[in-house]
Amino acid sequence: MIPQYLVDFDLREIPTINTDCIIVGSGIAGLFAAIKASRDRRVVLITKKSLMESNTRYAQGGIAAVIAEDDSPEYHRQDTLMAGAGLCSSAAVDVLVNEGPEGVHELIRLGTLFDQEDGVLALTQEGAHSHRRILHANGDATGYEIVRALAEQVEENDNIEIWDDHYVIDLITESGECLGVLMQQPGGGRLFLQADATILCSGGAGQLYRYTTNPEVATGDGVAIAYRAGAHIRDMEFIQFHPTALSYPGAPRFLISEAVRGEGAVLRNIHGERFMDRYHELLELAPRDIVARAIVSEMEITKSTFVYLDITHESPDMVKHRFPTIYETCMSYGLDITSDWIPVAPAAHYMMGGIKTDLNGESNISRLFACGEVSSTGVHGANRLASNSLSEAIVFGRRIIERVRQLAPLTRNSFSTDFIEARTEHPTQAIVERRLKLQKIMVRYVGLRRNEEMLTKGLEELKRQLPIFGSVLTKREEYEFANMLTCCLLVTESALAREESRGAHYREDFPQRNDTQWRKHLLQIRDLGIVEELSDDV
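Residues numbered from 1 in each chain as written. Predicted model: local features only at pLDDT ≥ 70, side-chain atom pairs only at ≥ 80, totals over all residues. Heavy atoms only, no water.

A. Molecular detail of the environment of aspartate 170. With respect to the helices and strands, the residue aspartate 170 is situated in strand β11 (residues 167-174). Here the alpha-carbon distance between aspartate 170 and leucine 6, two residues 164 residues apart in the chain, equals 7.2 Å. If we skip the residues at most four places from it in the chain, aspartate 170 touches Gln4, Tyr5, Leu6, Val7, Val181, Leu182, Ile225 and Arg228. Within polar-contact distance, the side chain of aspartate 170 engages the backbone nitrogen of leucine 6 at 2.7 Å. At 2.9 Å, the side chain of aspartate 170 forms a polar contact with the side chain of arginine 228. (Helix = DSSP H or I, 4+ residues; strand = E, 2+ residues; numbered from the N terminus. Contact = heavy atoms within 4.5 Å. Polar contact = N/O pair within 3.5 Å; in protein donor to acceptor, adjacent residues only side chain to side chain.)

B. Highlighting the layout of surface pockets. By volume, the second largest pocket amounts to about 450 Å³. Every residue lining the second largest pocket is counted, 19 residues in all, and those nearest its centre are Val296, Met299, Pro346, Val443 and Leu448. Going through the elements one at a time, α7 (288-301), β19 (342-351) and α11 (431-445) are the ones with two or more residues in the lining of the second largest pocket. (1 Å grid on protein atoms, 1.4 Å probe; cavity = no way out; pocket = protein on both sides within 12 Å on 5 of 7 lines; lining within 4 Å. Points joined across faces, edges and corners; volume = space filled by probe spheres on them.)

C. Spatial organisation of the sheet that holds strand β24 (residues 520-525). If you trace the five strands from one edge of the open sheet to the other, you get β22-β20-β15-β24-β25, paired in mixed fashion. Two strands in the sheet have a free side with no partner beyond their single neighbour: β22 (375-376) and β25 (529-534). Contacting β15 (233-234), β20 (354-356) and β24, helix α5 (residues 221-229) crosses the sheet at an angle of about 45° to β20. Each of β15, β24 and β25 touches helix α13 (residues 476-497); the most contacted strand, β24, lies at about 140° to it. (Pairing = 2+ DSSP bridges. Axes fitted to C-alpha atoms, helices over the stretch in contact; angles between N-to-C directions.)

D. Broad picture of empty space enclosed by the protein. Summed over all chains, the structure comprises four cavities of 30 Å³ or more. The space that makes up the largest cavity amounts to roughly 60 Å³. Looking at the largest cavity, the residues that line it are Ala205, Gly206, Leu208, Tyr209, Asn214, Ile239, Gln240, Ala348, His349, Tyr350, Met351 and Glu373. Of all the secondary-structure elements, those providing two or more residues to the lining of the largest cavity are β16 (239-246) and β19. No other element matches β19, which puts four residues into the lining of the largest cavity. A class-by-class count of the residues in the lining of the largest cavity yields seven nonpolar, four polar and one charged. By volume, the second largest cavity amounts to about 40 Å³. (Nonpolar A, V, L, I, M, F, W, Y, C, P; charged D, E, K, R; others polar.)

E. Main features of the pairing of strand β3 (residues 21-24). In β3, alternate side chains face the same way, and those of Cys21 and Ile23 on one face and Ile22 and Val24 on the other are all buried. Chirality of the crossover, the property in question, places the unit of β3, helix α1 (residues 28-37) and strand β4 (residues 43-46) among those that are right-handed. Here β3 runs beside strand β14 (residues 197-200); their pairing, made up of four bridges, is parallel. Along β14, the bridge assignment pairs cysteine 21 with alanine 197. (Buried < 20%, exposed > 50% of the residue type's maximum accessible area, 1.4 Å probe, protein only. Right-handed = clockwise from strand over helix to strand, strands pointing away.)

F. Here's a closer look at the pattern of salt bridges. One pass over the full model with this rule turns up 46 salt bridges. Here glutamate 99 ties to arginine 398 by a salt bridge, and the two come within 2.3 Å at their closest N and O atoms. Here arginine 398 lies in helix α10 (residues 388-404) and glutamate 99 lies in helix α3 (residues 90-109), a separation of 299 residues in the sequence. Taking relative accessible area as the criterion, arginine 398 reaches 22% and is therefore assigned partly exposed. In this structure, glutamate 480 engages arginine 435 in a salt bridge whose closest nitrogen and oxygen atoms are separated by 3.4 Å. Placement of the pair is glutamate 480 in helix α13 and arginine 435 in helix α11, with a sequence separation of 45 residues. Look at glutamate 480 and you get buried, because its relative accessible area is 4%. Judged by relative accessible area, which is 13%, arginine 435 ranks as buried. (Salt bridge = Lys/Arg side-chain N within 4 Å of Asp/Glu carboxyl O.)

G. Seen up close, the sheet that holds strand β18 (residues 307-310). Read from one edge to the other, the open sheet built from four strands follows the order β16-β19-β18-β17, with strand pairing classed as antiparallel. The open sheet has two edge strands, β16 and β17 (266-268), and neither has a second partner. Strand-to-strand twist in this sheet, taken as the mean axis angle between neighbours without regard to direction, amounts to 45°. Both β17 and β18 contribute to a ladder of three bridges, which runs antiparallel. For leucine 267, the partnering residue across the bridge sits in β18 and is leucine 309.

H. Broad picture of the packing of aromatic side chains. Throughout the structure, instances matching the rule amount to eight aromatic pairs. Considering the side-chain rings of phenylalanine 306 and tyrosine 308, the 5.3 Å spacing of their centres and the 75° angle between planes classify their relative orientation as edge-to-face. By way of ring pairs, the aromatic residues Tyr5, Phe9 and Phe419 are connected into one cluster. In this structure, arginine 253 is placed above the aromatic ring of tyrosine 211, and the distance from its NZ or CZ to the ring centre is 4.2 Å. Lying over the aromatic face of tryptophan 518, lysine 520 brings its terminal NZ or CZ to 4.9 Å of the ring centre. (Phe/Tyr/Trp six-rings, centres within 6.5 Å; stacked < 30°, edge-to-face > 60°. Lys NZ or Arg CZ within 6 Å of the ring centre and 35° of its normal.)

I. How the structure looks around unusual backbone geometry. In this structure, lysine 303 takes a positive phi of about 55° despite not being glycine. By the element assignment, lysine 303 lies in the loop between α7 and β18. Take lysine 303: its relative accessible area is 76%, and that puts it in the exposed class. In this structure, serine 387 is a non-glycine residue whose phi angle is positive, near 70°. We classify serine 387 as buried; its relative accessible area is 5%.

J. Structural context of the packing of α11 against helix α12 (residues 452-463). Packing of α11 against α12 brings their axes to within 9 Å, and their N-to-C directions diverge by 170°. Taken together, α11 and α12 sit at an angle that is classed as roughly antiparallel. Every residue of α12 that contacts α11 at Lys437, Leu438, Ile441, Met442, Arg444 and Tyr445 is listed here: Met454, Leu455, Lys457, Gly458, Glu461 and Leu462. Its residues assigned to classes, the contact of α11 with α12 comprises seven nonpolar, one polar and four charged. (Parallel < 35°, antiparallel > 145°, perpendicular 65-115°, else oblique.)

Structure (structure tokens):
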């Protein structure tokens, strides 16, 4: 059993600080929510590393919103529902597609400089989108530009305190209400930060896997913290693997944006053969799960560790202008993408599941909200549509702050103060070794292709790490490992329970989608285990 708290503590012995609104995470969700809340609230923005380090920063493709005259929210809705494979919340998708355009315009008002062509916003198309509706910035550096603009606003805002290098260990809750967070300061001291509202914007969990497009900070902290506190966690079996991450000796798994395929790049196996026509009618622009599995299939057939992405038939000037970051990064490793094929392979990219929220971003725990990749709003279903994630963060970030403004001030002054399990043993094996083993287990047993035997074996391996929860943990890397293990268990258990293939979840022993039995969500609740919930996708 995973305990409610990672550490022993007594609130009477810990300094308490009060604020109006706690925001955990500094990606697009955290920065935008902080700006919105700061208009009439004191905000503490917590980041475990630095303001500019988040998944958003590395987002290349863009942000999806209906801007073009020949596009419509209904088209965007249809595309999102199709990609979500029967598990989207229709109501949540309606919110996204109808409120997304205004969110984009607000980003522009806050200083984001999206690319333009002939004085109008430039739009591109990505996989499974029926229209060109992807706004981008500096060609392929959209996330960085959004974070730059929002971070400048945050840093200049007197109502926002930025706490870099602080780590949220756990949520403090009582009687179904979130009172704030227990956190560790850079020097190792702990404090209790109390607030009327706590908003988790802590991003995804790509680091559960050995190969990922995510930065080092993406360790699933928010989901694990919320799960321990009793929040409902939904759809964790759906991990999206990006089909095209750079696979080259000496280079990290750098993301090669889906927009490269949107602009005409084709996939070839190591024999130079284009192969997507054997897998899907949309070819390279098929949904991500299909493209990723097609690549793995070709790798197995050709006994290779990669396939090629080829954009050499396009104008070199266009390629350099449209994808400057990808071009320069590949060049630094001796690859000229205007004349060389790019070796690529799938890598863990995005977590569709997360903390279940309502349409105002609130969890089942009062005063606890989740926004961005850490949340499960119902927008993404079983497979996220490309570039919907940045839109989701803006749309639901605004809704969360509107709900926060309706909350009565927190008046609870007396509550349980000590949470002691008398832990005495310290971890013996180096955390870096345990983390690597965890990542290898997930790649081997809970990856793109799954079956009962693999998942059962993976679960057995993961459970051998459970003694960490009975150990005395004092360092960030130890907390991160405990959170990663929690998320690995959630992903594996839900993947084992879902006996069908749907969206990003593919079971070799149940290769077909089964709407009769499985058009439903799996909720994971610490005290109850797995609970089923019917989908409201229509």
